[in-house]
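An overview of the molecular structure
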Amino acid sequence: MIIRYLDYVERLEYELIQRRDEGIDVQEAETAFQKIKEQLKTQSADSLQEEAKKVLIELAAKPVPVELMNREPDLIVDIQKRLGHEEQAIAEAYGIDPDTLYDAILGGWLGRAGGCLLGKPIERYHRTVIREMLESNNEWPLKNYFTQVGMPKDLLKKYPWKRRWGLESLRENIQCMPEDDDLNYTMLNLHILETYGAGFSSEDVGSTWLNKLPVFEVFTAERIAYQNLLNGISPPQSATHLNPFREWIGAQIRADLWGYVCPGNPGLAAELAWRDASVTHVRTGVYGEMFFAAVIAGAFIEKDIRKLIKMGLDQIPPQSRFSVAIEYVLKLPVEGMLWEEVADLLYEQFGHYHWVHTINNAALTVAALLHGQGDYEKTITNAVMGGWDTDCNGATSGSIVGVLIGAKALPPKWIDPLKNQVRSSLGGFDNSTFSDLASRTQAMAVGIRADQDQSSHTSLDDF
């Protein structure tokens, strides 16, 4: 039986792309892959698994260029050495009163859910398709949850809604926040903190996945890492063993909880994110989670979007491909441009990446934040109209703005349909309320802060 993402032929195809991006000569493996593709015309994919696996193993064994390893280290201690600054505590965050802290955390949870729900039914569609669909029933530019009311039947047949909860995410059908991996991971990470505390390890993350997370609720890098964990391959090897998706977006969408529990402490948020990301990803994939965790932590005290993005970049090696991509966005006069003009430039610069790669989606999310300037609706609609991984980008951008402005300031149009409820296949989390999740998150944030008070210095050695 061929299982998506575990298929060795599929893995080989994407490992070729990954290795080229790393600067590896893949000509020999490419020739072998083309031969396998020809064989697929007359043979089943099952019969070619071993042949593809052999080529994949040989290709994956090629060493990462030293130059790339120097610019983009994987270990947290090496990442921190390349930051070029000393981590400073942000004392302003420690004075946040409990009600304000709760409102910001709840804003993050609700903002994430609303943005995710907006992008959910059209995930993976190109921005031109999204525009075509919205124009067909006079809903362009996007200003509310998607609806199929007024859409031509032939268009709906051509562009069906996402199979997993797509119909349930339409304006006329919303009953709550339906299940989505973008929310599952946020809840799962809360469970990890509640179980192990801030001293959790990557191994703790892996064991929690096996205990709490259904395998078919994880995708790309996560599904392969899950298989590796089942086979006894521990982190960080679980992220690298025959995993061509190791720099895709999967870790980036797991960033939020670490930011929520580290208000005003981007450095610690990035460390916690690193421990989580290292189960499934390397380099760019890890940096995406660290960056957004730091941005969310900073959003509790910094309201200037550009300064906030810089706070995230402060946690990432400055010469990395990820940092270079975000710096490209920061150099654009995004705030004074039409959104479609911004999106055109992003597609020109990053359109060669897969639609669920880390870099293009991170760049799009940052651009949506800059263009939105704290306006929740403008931010999430821009992120979703931009295409690529629409639910993830809507979720991340919505989460950040939710923290920035707080739950009370979120527009009811986007929040009321959620009915304060989220569905999940995670044990103990189905039908959770956002208010309860926010209260539990606040308790963890307060506890982590108390631990920080007992020590003037926090490093990975303490864990």
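Residues numbered from 1 in each chain as written. Predicted model: local features only at pLDDT ≥ 70, side-chain atom pairs only at ≥ 80, totals over all residues. Heavy atoms only, no water.

Nonpolar side chains tend toward joint burial in soluble globular proteins. One finds W109, F146, M290, F291 and F434 to be the most contacted residues of the largest nonpolar core, which totals 137 residues. The biggest single contributor to this core is helix α6 (residues 98–119), with ten residues. With residues up to four places along the chain from it excluded, the contact list for F291 reads I309, G312, L313, I316, F322, I326 and V366. Core analysis: the next-biggest nonpolar cluster, separate from the first, contains 15 residues, L12, V26, I36 and V55 among them. (Core = buried A, V, L, I, M, F, W, Y, C linked by side-chain atoms within 4.5 Å. Buried < 20%, exposed > 50% of the residue type's maximum accessible area, 1.4 Å probe, protein only. Helix = DSSP H or I, 4+ residues; strand = E, 2+ residues; numbered from the N terminus. Contact = heavy atoms within 4.5 Å.)

The computed volume of the largest pocket comes to approximately 860 Å³. Around the largest pocket sit 36 residues that line it, and Y5, E123, K162, F219 and W355 are the ones nearest its centre. Mapped by element, the contributors of at least two residues to the lining of the largest pocket are α1 (8–21), α9 (181–196), α11 (220–230) and α21 (390–405). Classifying every residue of the lining of the largest pocket by side-chain character gives 16 nonpolar, three polar and 17 charged. (1 Å grid on protein atoms, 1.4 Å probe; cavity = no way out; pocket = protein on both sides within 12 Å on 5 of 7 lines; lining within 4 Å. Points joined across faces, edges and corners; volume = space filled by probe spheres on them. Nonpolar A, V, L, I, M, F, W, Y, C, P; charged D, E, K, R; others polar.)

Further remarks concern the packing of aromatic side chains. Per the stated rule, a full pass over the model turns up 14 aromatic pairs. In this structure an aromatic cluster arises from ring pairing among Y5, Y14, F245 and W248. Sitting above the plane of the Y347 ring, R127 keeps its charged end 5.1 Å from the centroid. (Phe/Tyr/Trp six-rings, centres within 6.5 Å; stacked < 30°, edge-to-face > 60°. Lys NZ or Arg CZ within 6 Å of the ring centre and 35° of its normal.)

If you check α1, its first and last C-alpha atoms are 20 Å apart, about what 14 residues at 1.5 Å a residue would give, namely 20 Å. Of all the 14 residues making up α1, ten are buried; the element is thus mostly covered by neighbouring parts of the structure. Buried residues of α1: Y8, V9, E10, R11, L12, Y14, E15, L16, Q18 and R19, and no others. Against the buried residues of α1 lie α2 (27–39), α3 (49–60), α11 and α15 (283–298). Two or three places before V9, at the start of α1, stands the capping residue D7, its side-chain oxygen 2.9 Å from that residue's backbone nitrogen. (Expected span 1.5 Å × (residues − 1). Polar contact = N/O pair within 3.5 Å; in protein donor to acceptor, adjacent residues only side chain to side chain.)

Take the environment of G398 next. Considering the arrangement of structural elements, one finds G398 in helix α21. Not counting residues up to four positions away in its chain, the partners in contact with G398 are G111, R112, Y376 and I380.

Residue placement: S399 occurs in helix α21. On the basis of relative accessible area, S399 is assigned to the buried category, the value being 0%. If we ignore the near neighbours within four places in the chain, the residues touching S399 are G108, G111, R112, D256, Y260 and I296.

Here the focus is the pattern of salt bridges. Summed over the entire model, instances satisfying the criterion amount to 33 salt bridges. The salt bridge involving E15 is made with R246; its shortest N-O contact spans 2.9 Å. Of the two residues, E15 is situated in helix α1 and R246 in the loop between α12 (237–240) and α13 (256–260); the sequence distance between them amounts to 231 residues. For E15, a relative accessible area of 1% gives the class buried. In this structure R246 comes out as buried when scored by relative accessible area, which is 7%. It is possible to trace a salt-bridge network through shared partners that takes in E15, R19, D21, E22, E72, D74, R246, E247, R283 and R321. (Salt bridge = Lys/Arg side-chain N within 4 Å of Asp/Glu carboxyl O.)

Moving on, we come to the confidence of the model for the protein chain. Mean pLDDT for the protein chain: 95, with 96% of residues reaching 70 or above. With pLDDT under 50 throughout, residues 456–463 is counted as low confidence; its partners more than four residues away or in other chains account for 14 contacts. (pLDDT = per-residue confidence, 0-100.)

In this section: helix α19 (residues 358–372). Over its 15 residues, α19 runs 21 Å from end to end, which matches the ideal 21 Å to within 8%, given 1.5 Å per residue. Buried residues dominate α19, accounting for 15 of its 15 residues. Remark: Q373 follows α19 within two positions and exhibits a positive phi of approximately 50 degrees.

Put simply, α19 and α21 touch, their axes get as near as 10 Å, and they point 40 degrees apart. As the angle between them shows, α19 and α21 are arranged oblique. At the point where α19 passes α21, the crossing takes the right-handed sense. Facing α19, whose interface residues are N361, L364, T365 and L369, α21 presents N393, T396, S397, I400 and V401. Grouping the constituent residues of the contact of α19 with α21 by class yields four nonpolar, five polar and no charged. (Axes fitted to C-alpha atoms, helices over the stretch in contact; angles between N-to-C directions. Parallel < 35°, antiparallel > 145°, perpendicular 65-115°, else oblique. Left-handed = near helix turned anticlockwise from the far one by under 90°.)

Where α6 meets α21, the axes come as close as 6 Å, and the angle between the chain directions of the two elements is 155 degrees. Considering the angle they form, α6 stands roughly antiparallel to α21. α6 and α21 meet at a crossing whose hand is right-handed. In this structure, α6 contributes D103, A104, G107, G108, G111, R112, G115, C116 and G119 to the contact, and α21 contributes T390, D391, G394, A395, T396, G398, S399, G402, V403 and I405. When its residues are assigned to classes, the contact of α6 with α21 shows five nonpolar, eleven polar and three charged.

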